[in-house]
Amino acid sequence: MTNTYKNVYVKDTATIAGIYEANGPLKKYFDKTYTKDLYFGEKSWEKAEIKLLQDTVTTLLKKSRLKDKDIDLLISGDLMNQISSSDYAFREFDIPFLGIYNACATSSEGLIIASTSVDGKKCKNCIVSTVSHNMAAEKQYRNPTEYGTPKPETATFTVTGGAAILLTNEKTDIRIESSTIGKIIDKGTKDVNHMGAVMAPAAADTIYRHLTNLKRTPDYYDLIVTGDLGKYGKEILINYMKKVYDMDISENYNDCGTMIYNVEQQPVLAGGSGPACSALVNYSYIYKQMKEHKLKRVLIVPTGALFSPTMYFQKESLPAIAHAVGLEVVEK
Amino acid sequence: MIYINSFLFCGVVCMISQLILDNTKLTPGHVTSLFVVIGAFLDIFGIYDKFVLYCGAGAIIPITSFGHLLIHGAMDIAGEMGPLGLAFGIFNLTSAGISIALVAAFFLSLIFKPKH
């Protein structure tokens, strides 16, 4: 399902990152960084994640000089059970709320829902936010850090950060131009330590459908950027696109998981992951590049492994999804 | 000689577990359980007792020793009490280890907080 939008603009973004991201190459693009530890003054990882999300949306409201009542809809999702970080974070906000879950593709799911609502004139100002926290995610999906499990090179490192974007129907420099909703793709892979391989086929399917539905070639975009495939998943996607769809995207393709860290120098294995990974890169670095007109058309394709530990223990394979959202600089 | 034996035995156990971790999808939890079971089996005909005799601490420290002690304790008490002794004796030799681990874990968790 591919849609184009006429009246959806990006008003502003807010990004807050943790210490590992602050040590990475994109530090100067974030609005704020927490560099002391990963607790942010809270008692647990989960509470730290909630604080991060509240802080991100508060920063966004402050930057755009809007109050709670000016926002018609807030869409948010995260990695915790029952998307509890979002649910608990917005108790103190006076904004209508929709909670969503698409693992690491949550930000794009939110963008699509928000764009459709704004384009359909159902709302004027809509915030889409997401958050992830390395330690909270480790506890939720893998093992607590105290367990000290060694991980293979192909594993990714969950990004600690919060990212929010404000969509509006008033004209600004950047607009959301098109989107494609992904399908759940499951190729039978069972390796939780190689999410890049799990998600690459989903990303490939979505990119291919997006481009063919809109009759475009990969070079229509200045940059095609996937969510969190990591350095191995990135190679898999390029080869997979060539082999299965006969499409070469290697020229203008990159992956947020490899952009957010110095993958070779930092202790992050194959690169970053988590819903905040793609959202942080897209809303900070890519957004600013577009504001400066260094990039004019960008296709962001956040990728998510819809992996449930319960189903994994019952020996099920890992489903994956990717949604594509096209951003464009508005020519004056 | 016992020093060399000890070094070699413990080293071989660790090498096997590292090989398993590097080449299979098993987790440290699997490997630990596997070694407990292997240790228990090696109590048959007193094989593990021989290792302890010749390798000393090298055979006592790895987790295989835990499996060996489980069966050893159970069999000892079973000899005195009959089949019910299996249940009474299973933690006979290992109870000190388990209790210390529990108490130490409790106090350490009070003092320390996980960091990144």
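Residues numbered from 1 in each chain as written. Chains lettered and ligands numbered in written order. Predicted model: local features only at pLDDT ≥ 70, side-chain atom pairs only at ≥ 80, totals over all residues. Heavy atoms only, no water.

> What is the right way to read the overall build of chain B from this model?
Along the backbone of chain B there are seven helices and zero strands. Listed by position from the N terminus, the elements making up chain B come as α-α-α-α-α-α-α. Along the first, second and third principal axes, the C-alpha set of chain B runs to 50 × 35 × 30 Å. Considering chain B as a whole, with its 116 residues, one finds that 27% of them fall into the buried category. Here chain B has roughly 7,900 Å² of accessible surface; of this, 78% comes from carbon and sulfur atoms. Computed over 4 positive and 5 negative side-chain charges, the inter-centroid distance for chain B is 24 Å. (Helix = DSSP H or I, 4+ residues; strand = E, 2+ residues; numbered from the N terminus. Buried < 20%, exposed > 50% of the residue type's maximum accessible area, 1.4 Å probe, protein only. Areas by Shrake-Rupley, 256 points an atom, 1.4 Å probe, with all protein chains shown as cover. Lys, Arg positive; Asp, Glu negative; His and termini not counted. Charge placed at Lys NZ, Arg CZ, Asp CG, Glu CD.)

> Explain the side chain of Ser115(A) here, please?
Residue and element names in this part refer to chain A. As for its position among the elements, Ser115 is in helix H4 (residues 106–119). A polar contact is formed between the side chain of Ser115 and the backbone oxygen of Leu111, at a distance of 2.6 Å. What Ser115 contacts, discounting residues up to four positions off in sequence, is Tyr5, Val8, Leu167 and Ile176. (Polar contact = N/O pair within 3.5 Å; in protein donor to acceptor, adjacent residues only side chain to side chain. Contact = heavy atoms within 4.5 Å.)

> It is not clear to me how the interface of chain B and chain A should be interpreted in this structure. Could you clarify?
Put simply, an interface is often sized by how much accessible area is lost when its parts join up. Contact residues are listed per partner, giving eight residues for chain B and 15 residues for chain A. With both chains or domains summed, chain B and chain A bury close to 830 Å², and 64% of this area falls on carbon and sulfur atoms. Viewed at the interface, chain A and chain B are joined by one salt bridge. A salt bridge links Asp191(A) to Lys25(B); the shortest N-O distance between them is 3.7 Å. Linking chain B to chain A there are one residue pair in polar contact (both at pLDDT 80 or more). (Buried area = accessible area lost by both parts, 1.4 Å probe. Salt bridge = Lys/Arg side-chain N within 4 Å of Asp/Glu carboxyl O.)

> Explain the state of the cysteines to me, please; I cannot follow it from the model alone.
Note: disulfide means a covalent bond formed between the sulfur atoms of two cysteine side chains. Within the structure shown, the criterion is met by zero disulfides over all chains. Distance from the sulfur of Cys277(A), which forms no disulfide, to the nearest cysteine sulfur (Cys256(A)) is 5.7 Å. With no disulfide of its own, Cys10(B) lies closest to Cys14(B) among cysteine sulfurs, the gap being 4.6 Å. (Disulfide = S-S within 2.5 Å.)

> Explain unusual backbone geometry to me, please; I cannot follow it from the model alone.
Generally, phi is negative for residues other than glycine and the peptide bonds are trans, each holding for most cases. All names here are of chain A. One non-glycine residue, Ile83, adopts positive backbone phi at about 35°. Topologically, Ile83 is positioned in the loop between strand S4 (73–77) and helix H3 (84–89). A positive phi is found at Lys315, a non-glycine position, where the angle reads about 70°. Note that Lys315 resides in the loop between helix H10 (309–313) and strand S15 (320–322).

> Before we go on, may I ask you to explain the environment of Glu92(A) in this structure?
All names here are of chain A. Mapped onto the fold, Glu92 is located in the loop between H3 and strand S5 (97–99). Between the C-alpha atom of Glu92 and that of Gln54, which follows or precedes it by 38 residues, the distance is 8.7 Å. Residues contacting Glu92, with those up to four places away along its chain left out, are Gln54 and Asp68. Of the polar contacts made by the side chain of Glu92, one reaches the side chain of Gln54; its length is 3.4 Å.

The values are spatial; any link to function lies outside them.
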